[in-house]
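Per-entry structural report
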Amino acid sequence: MPSRRAVVSLLAAGLAGCTALRADPDPEPPGSTSYAWPSVNATPANTRTVPDGTIRNPGSDSPIEYGVDAIDIAGSYARAPVVDDGKTVLVAPAEEDDACVVTCLDTGEEQGWPAVRWQRRLEREFPDGAPAIADDRVVLTVSDETGVSAGGDGLLAALSMADGELEWSRPLERGSGFTPTVADGTVYLRTTNGIVAVDAATGEEEWSDALPTLEHPHQRHTHTEQLAPAVDSNRVYVPGEDELVVYDRDGDRQWNVSLAPPVGAPAVADGTVYCCAGGELRALEAADGSRRWTESDVVSIAPAVAEDAVVVVGPRRGKAGGTVRALEPETGTKTWDADVHFQGWGGFAPLIVGETVVVNANRRMVGLATDTGATRWETEKDDSRWHLAAADGRVYNYGDDSDGDSSRTYRLQVFGERGNS
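In this text, all values refer to a predicted model and were calculated from it rather than measured experimentally.

1. Looking at the pairing of strand β16 (residues 194-199)
- Counting buried residues in β16 gives five out of six residues, a clear majority hidden from the surface.
- Note that strand β15 (residues 186-191) and β16 share six bridges and pair antiparallel. Paired with Leu189 across the strands is Val196, a residue of β16.
- In sequence, β15 turns back onto β16 through a hairpin of two residues.
- As paired strands, β16 and strand β17 (residues 205-210) are joined by five bridges and run antiparallel to one another. Across the sheet, residue Ala197 finds its bridge partner in β17, namely Trp207.
- Linking β16 back to β17 in an antiparallel pair, the connection comprises five residues, with Gly203 at a positive phi of about 80°.

2. Structural notes on the sheet that holds strand β14 (residues 181-183)
- The four strands lie next to each other as β14-β15-β16-β17, forming an open sheet whose pairing is antiparallel. Every other strand in the sheet has two partners, leaving β14 and β17 as the edge strands with one partner each. Taken pair by pair, the neighbouring strands of this sheet meet at an average axis angle of 15°, ignoring direction.

3. Section: the environment of Val312
- By the secondary structure assignment, Val312 is in strand β27 (residues 310-314).
- As for Val312 and Val299, which are separated by 13 residues in sequence, their C-alpha atoms are 7.7 Å apart.
- For Val312, the contacting residues outside a window of four places in its chain are Cys276, Leu281, Val298, Ser300, Pro303, Thr323, Val324, Arg325 and Pro350.

4. Observations regarding the pairing of strand β19 (residues 235-239)
- Counting buried positions along β19 gives five out of five residues, so the element sits mostly inside the fold.
- Residues Arg235, Tyr237 and Pro239 line one face of β19 and the alternating positions Val236 and Val238 line the opposite face, and both faces are buried.
- Hairpin connection of strand β18 (residues 230-231) to β19: three residues between the antiparallel strands.
- Between β19 and strand β20 (residues 243-248), which pair antiparallel and follow one another directly, the connecting turn spans three residues.

5. Describing the layout of surface pockets
- Counted as a void, the largest pocket has a volume near 400 Å³.
- Along the wall of the largest pocket there are 19 residues; nearest its centre are Thr49, Pro51, Ala306, Glu307 and Asp308.
- Residues of the lining of the largest pocket, tallied by class, amount to seven nonpolar, six polar and six charged.

6. Here we look at the pattern of salt bridges
- All chains considered together, the criterion is met by 13 salt bridges.
- A salt bridge links Lys87 to Asp85; its shortest N-O distance comes to 3.3 Å.
- Asp85 gets classed as exposed once you look at its relative accessible area, which sits at 61%.
- We note a salt bridge from Glu285 to Arg292, for which the minimum N-O separation is 3.6 Å.
- Look at the salt bridges and you will find they share partners, linking Glu285, Arg292 and Glu330 into a network.

7. Section: the sheet that holds strand β5 (residues 82-84)
- Taken together, the four strands give an open sheet; going across it, the order is β5-β6-β7-β8, and neighbouring strands pair in antiparallel fashion. Two strands bound the open sheet, and with one partner strand each, they are β5 and β8 (115-122). Across the sheet, the mean angle separating the axes of adjacent strands is 20° when strand polarity is ignored.
- As paired strands, strand β7 (residues 100-106) and β8 are joined by seven bridges and run antiparallel to one another. Considered in β8, the bridge of Leu105 is made with Val116.

8. Topic: the packing of aromatic side chains
- The tally for this structure, following the rule as stated, stands at three aromatic pairs.
- With 6.3 Å between their ring centres and 55° between their planes, Tyr188 and Trp207 make a pair best called tilted. Highlighted residues: Tyr188 in strand β15 and Trp207 in strand β17, separated in sequence by 19 residues.
- Accessibility expressed as a relative area gives 1% for Tyr188, which makes it buried.
- Considering the side-chain rings of Trp207 and Tyr247, the 5.3 Å spacing of their centres and the 40° angle between planes classify their relative orientation as tilted. Placement of the pair is Trp207 in strand β17 and Tyr247 in strand β20, with a sequence separation of 40 residues.

9. As for the side chain of Arg137
- By secondary structure assignment, the location of Arg137 is in strand β11 (residues 137-143).
- Assessed through its relative accessible area of 12%, Arg137 is described here as buried.
- Ignoring any residue separated from it by four or fewer positions in sequence, one finds Arg137 in contact with Ala132, Ala158, Leu159, Met161, Glu167, Ala200 and Ala201.

10. Quick notes on the environment of Asp153
- Looking at the element boundaries, Asp153 is found in the loop between β11 and β12 (155-160).
- Sequence separation between Asp153 and Ser143 is ten residues; the distance between their C-alpha atoms is 5.2 Å.

11. A few points about the confidence of the model for the protein chain
- Taken residue by residue, the protein chain gives an average pLDDT of 81. The fraction at 70 or more is 74%.
- Segment residues 68-76 is flagged for pLDDT under 50; beyond a separation of four residues in sequence, or across chains, it makes 48 contacts in the model.
- Residue range residues 217-221 is modelled with pLDDT below 50. Its contacts to residues more than four positions away, or to other chains, number 15 contacts.

12. Concerning the side chain of Thr49
- Relative to the helices and strands, Thr49 resides in strand β3 (residues 49-50).
- A distance of 2.9 Å separates the side chain of Thr49 from the backbone oxygen of Val305, its partner in a polar contact.
- Setting aside residues no more than four positions away along its own chain, Thr49 makes contact with Trp37, Ala42, Thr43, Ala304, Val305, Ala306 and Ile352.

13. Brief notes about the nonpolar core
- Trp37, Ile55, Leu351, Val353, Val358, Met365 and Tyr396 are the most contacted members of the largest nonpolar core, which has 24 residues in total.
- Excluding residues within four positions of it along the chain, Leu351 makes contact with Trp37, Arg48, Ala304, Thr356, Val357, Val358, Leu388, Ala389 and Ala390.

Scoring rules and cut-offs
- Residues numbered from 1 in each chain as written.
- Predicted model: local features only at pLDDT ≥ 70, side-chain atom pairs only at ≥ 80, totals over all residues.
- Heavy atoms only, no water.
- Buried < 20%, exposed > 50% of the residue type's maximum accessible area, 1.4 Å probe, protein only.
- Helix = DSSP H or I, 4+ residues; strand = E, 2+ residues; numbered from the N terminus.
- Pairing = 2+ DSSP bridges.
- Axes fitted to C-alpha atoms, helices over the stretch in contact; angles between N-to-C directions.
- Contact = heavy atoms within 4.5 Å.
- 1 Å grid on protein atoms, 1.4 Å probe; cavity = no way out; pocket = protein on both sides within 12 Å on 5 of 7 lines; lining within 4 Å.
- Points joined across faces, edges and corners; volume = space filled by probe spheres on them.
- Nonpolar A, V, L, I, M, F, W, Y, C, P; charged D, E, K, R; others polar.
- Salt bridge = Lys/Arg side-chain N within 4 Å of Asp/Glu carboxyl O.
- Phe/Tyr/Trp six-rings, centres within 6.5 Å; stacked < 30°, edge-to-face > 60°.
- pLDDT = per-residue confidence, 0-100.
- Polar contact = N/O pair within 3.5 Å; in protein donor to acceptor, adjacent residues only side chain to side chain.
- Core = buried A, V, L, I, M, F, W, Y, C linked by side-chain atoms within 4.5 Å.

Spelled out as structure tokens, the structure:
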């Protein structure tokens, strides 16, 4: 097992010289640059979409960078960034073997260069899922066992976004916890052995239920970040090892459906649940789980769902490359299929900002037109096994520039024009 030491010394890094590789002659479509990415899937419904947003030419400038030095740790021991109100939160193992460090950076326009707003040490070794920001607090899970562990010493905690002070914490009685979803003042958390809902302000349990123990095949990888429930106004959609289980908001079980593993995070929109499982994308009726349509040859662990498109990643063709596919939400009819040259494995889960689909392809990031799949821009970036985030007109990548070296330098890169558009 690799050493779990991570030096979370934070320093402004300077410009990296990453360049745009290709750009569409048309500018990025107009849209708002005032939006957040407060959870790994952007919204409580896990849609990974900002409908009215735009990205300000991410290949036009070298990215702002902020370095997070990490020595001899596996990449999946750190978690995806989340962004809200000009602040970015990162979670990674601490220098000591028995703690995690939560770091809040000021990355807003007025700040210019990122600066540490606060850091908080938590007495557990591993971050089990990505954090979520809601109601001026960040909620996250940590434990003493990495990946899926039925007997893990899991902890669910809430920190103030103002200063990082611990607001509350509670041990998890149903094994390790994964990525929380916060909706309407309640935290919903998939654990190894069940689901628990707690009051976001106090940490007091509202309801819980036992579920079959997860034995996720990618337990040491970032796929565990995707084990986040989706929440709409009526229901909570909970991923399992080989099923999707649905509750009403009071915790009464409504329906469940069997799926081929591995099962990713569900997304719900306009009465339909979309879930990647076993190499397929399933579209199900939110009310009862009946199947609407199925798309095969899907390698995404989560879809991006917009009003007019559901976007997933398909398998590679040959030694390199892959496909990004847009489907009509009502029928599953393919509207476009774009080849994307991935350098190694990438894709994970695409995201949609306004009229642009953004795809993570390891050392490359690609922007495609949502309506046609045409390439808007491409740009180089650090290697990344984490999910991208988009906020305030920019794209956030947390990756490493080690080129396979034993000593890794993890850093946050922020792509996009600086200043107001």
